[in-house]
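Each chain, letter by letter, is given below.
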Amino acid sequence: MAKQYTKKMIRDMCIKMLNERPLNKITVKDIVKACDINRNTFYYHYPDIYAILSEIFQSELQNAIDEYNDTLSWEEGFLVAAKFAMENRRAVYHVYNSMQREELENYIFSVAGNVMYRYVESESEGIQASTKDKKLIASFYQCALTEMVLRWIGSGMKEDPNVIIRRIGELFDGHITLSLKRSGKHNF
């Protein structure tokens, strides 16, 4: 139990510091001092700060998967998954502008993939669509959503993500189902 408490304290402090300053301005020494632990304790839990980031994104992805359910629309599912980013905009922006940007990109790609694969599966009920086509459709929308979110982050996250996601949903409306219905007519 103490181990989990210490890990959570280290993760929370890392997020707090990321909300205050860029990643390259955060050191193990800063985290150790703020948590009032020694360096050995830090290194017992994490090999470096980048491991904390990786764990944060993996944990948030798992939380999004656990929280998302089939009664949510893909838009609601994506917004549930994006909750961490919205609550920690500066931290996300600092990671985006760091050498660890790939961790953030992988997180967003995984969230978008999880949401879209589930949505395409639910939309395909009663439609003769191949698994290959369902994966292709979900992958297309996964890539589109990922790039949209990365551009939103890159532009300073000024627009309300709820408005953006809802608008994308309006534009998608019916197109995924139409694509699934057409998939049975083509054999590529």
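Going by the structure above, here's the rest.
In what follows, the accompanying structure is described. (Residues numbered from 1 in each chain as written. Predicted model: local features only at pLDDT ≥ 70, side-chain atom pairs only at ≥ 80, totals over all residues. Heavy atoms only, no water.)

Quick word on the overall build of the protein
Helix and strand content of the protein: 11 helices and 0 strands. The secondary structure elements of the protein, listed N-terminal to C-terminal, are α-α-α-α-α-α-α-α-α-α-α. Along the three orthogonal principal directions, the C-alpha set of the protein runs to about 65 × 35 × 30 Å. By the burial criterion, 43% of the 188 residues in the protein qualify as buried. (Helix = DSSP H or I, 4+ residues; strand = E, 2+ residues; numbered from the N terminus. Buried < 20%, exposed > 50% of the residue type's maximum accessible area, 1.4 Å probe, protein only.)

Side note on helix H7 (residues 89–96)
Among the residues of H7, those classed as buried are Ala91, Val92, His94, Val95 and Tyr96. Tucked inside the fold, the buried residues of H7 contact helix H1 (2–18), helix H4 (49–67), helix H6 (83–87), helix H8 (101–123) and helix H9 (131–154). (Contact = heavy atoms within 4.5 Å.)

A short note on the environment of Leu53
As for its placement among the helices and strands, Leu53 is situated in helix H4. Classification of Leu53 as buried rests on a relative accessible area of 2%. Other than its neighbours up to four places away in sequence, Leu53 contacts Leu18, Leu23, Val95 and Gln100.

Focus: the packing of aromatic side chains
Tallied over the full model, the rule gives 4 aromatic pairs. Measuring from centroid to centroid gives 6.2 Å for Phe42 and Tyr46, while their planes differ by 45 degrees, and the two rings are tilted. The burial state of Phe42 is the same as that of Tyr46; both residues are buried. By way of ring pairs, the aromatic residues Phe42, Tyr43 and Tyr46 are connected into one cluster. (Phe/Tyr/Trp six-rings, centres within 6.5 Å; stacked < 30°, edge-to-face > 60°.)

Comments concerning the side chain of Thr146
Relative to the helices and strands, Thr146 is located in helix H9. Note on Thr146: relative accessible area 7%, which makes it buried. For Thr146, the contacting residues outside a window of four places in its chain are Glu105, Ile108, Phe109 and Ala112.

Re the nonpolar core
In terms of nonpolar packing, the biggest core is built from 58 residues, with Ile31, Phe42, Trp74, Phe78, Ile153 and Ile176 touching the most fellow members. At 9 residues, the largest contribution of residues to this core is made by H8. (Core = buried A, V, L, I, M, F, W, Y, C linked by side-chain atoms within 4.5 Å.)

Brief notes about unusual backbone geometry
Although it is not a glycine, Asp36 sits at a positive phi angle of roughly 55 degrees. Looking at the element boundaries, Asp36 is found in the loop between helix H2 (28–35) and helix H3 (39–45). The phi dihedral of Met157 is positive, around 55 degrees, even though this residue is not glycine. For Met157, the position within the fold is in the loop between H9 and helix H10 (161–172).

Concerning the pattern of salt bridges
Applying the stated rule across the entire model yields 9 salt bridges. Taking the shortest distance from any N to any O, the salt bridge between Asp12 and Lys8 comes out at 2.6 Å. Of this pair, Asp12 and Lys8 both sit in helix H1, separated by 4 residues, roughly a single helical turn. The exposure class of Lys8 is partly exposed, given its relative accessible area of 44%. For Lys134, the salt bridge is made with Glu121, and the minimal N-O distance between the two is 3.5 Å. Of this pair, Lys134 sits in helix H9 while Glu121 is found in helix H8, placing the two residues 13 residues apart along the sequence. (Salt bridge = Lys/Arg side-chain N within 4 Å of Asp/Glu carboxyl O.)

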